[in-house]
Amino acid sequence: MLSLFDIENCGSLFAHFKGFALDGTVAKALEEICREQRRRFALFHREERALLEHGLSPEAYLEATLRGKKRKELRRQQNRLAELGQLDFQRTDGSEEIDGWIDEFLALERRGWKGANGSALDCADSTRNLFRGALHGAANEGKLELLALRLNGRAIAMLVNFLTPPGAFSFKTAFDEDYARFSPGVLLQLHNLALLERDNIEWCDSCAAQDHPMIDSIWSGRRAIGRYSVAIGGPVRRAGFALLLAAEKAKGRLRQINAGKIHKDNEMSS
């Protein structure tokens, strides 16, 4: 695989590989191949995103992760929401009426801030078609789970999970911002804790950004995700990458030294 980058990326010194779970088989295989081929490589970026891990019941997990005051507040929000009409939770595998569900999700996401700034899936044919194709493919393989919180039949929060035992991926979520004061997305995530009851699912990756304000407060586990840079090309280009790598490491050490000095100065002035 890496030999293709040597040939096709003429002039480039390295290739980026991002989104790798650092404890996963793909990242380990990449490192092993680089060592076998004597390619320089480096982990240039690392982040941790929320992970749901098997081990507790949904009720016990929620009690362990959320303070009693927060749990009480969520119960209050759900009760106030139910006062507005018929509140229902829906879970399906996409085997029926999947196109209608997809259309509803796309419209819901587009009505919010993502639609306003042009980043909603429905804002471009490419992302819209990718989403539709991914859900159809997962449904055909029996690996799709669709969740929705509905008020008087209308979805106010929706969530897509991909089930890939022994793990799962919480792919996409959207909520109606008109009901933001009731935290419908969080309420839907409480139902999503039912993943803990699946014997064949040991973990679920949130696929969320690091320090996500919503999911980080509910899911206590963390999964390390990294971006690798790998030397490509012939000896000259690989030597160039080695110089860049050395310079980057030197900058990193300098940043650490400066951070240490600032910390020490702050201690002396306090």
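Bear in mind that the values here come from a model prediction, so they are computed numbers and not experimental data. (Residues numbered from 1 in each chain as written. Predicted model: local features only at pLDDT ≥ 70, side-chain atom pairs only at ≥ 80, totals over all residues. Heavy atoms only, no water.)

Caption draft 1: Summary view of the sheet that holds strand 4 (residues 144–151). Spatially, eight strands are ordered 1-8-2-7-6-5-4-3 in an open sheet, and the strand pairing comes out mixed. Lying at the two open borders of the sheet, with one neighbouring strand each, are strand 1 (14–21) and strand 3 (87–92). The average undirected angle you get between the axes of adjacent strands in this sheet is 25°. Pairing of strand 5 (residues 154–164) with strand 6 (residues 167–175) involves eight bridges; the strand directions are antiparallel. Within the sheet, the bridge partner assigned to T164 lies in strand 6 and is G167. Contacting strand 4, strand 5 and strand 6, helix 7 (residues 125–140) crosses the sheet at an angle of about 60° to strand 5. (Pairing = 2+ DSSP bridges. Helix = DSSP H or I, 4+ residues; strand = E, 2+ residues; numbered from the N terminus. Axes fitted to C-alpha atoms, helices over the stretch in contact; angles between N-to-C directions. Contact = heavy atoms within 4.5 Å.)

Caption draft 2: Representation of helix 4 (residues 68–82) in the model. The terminal C-alpha atoms of helix 4 lie 21 Å apart, and with 15 residues this matches the ideal 21 Å at 1.5 Å per residue to within 8%. Buried within helix 4 are the following residues: L74, Q77 and L81. The buried residues of helix 4 occupy an angular sector of 60° when projected down its axis, which confines them to one face. Exposed side of helix 4, more than 90 degrees from the buried face: K69 and K72 are the residues found there. Residues of helix 4 that are buried make contact with strand 3, strand 4, strand 5 and helix 8 (184–192). (Expected span 1.5 Å × (residues − 1). Buried < 20%, exposed > 50% of the residue type's maximum accessible area, 1.4 Å probe, protein only. Arc of directions from axis to C-beta.)

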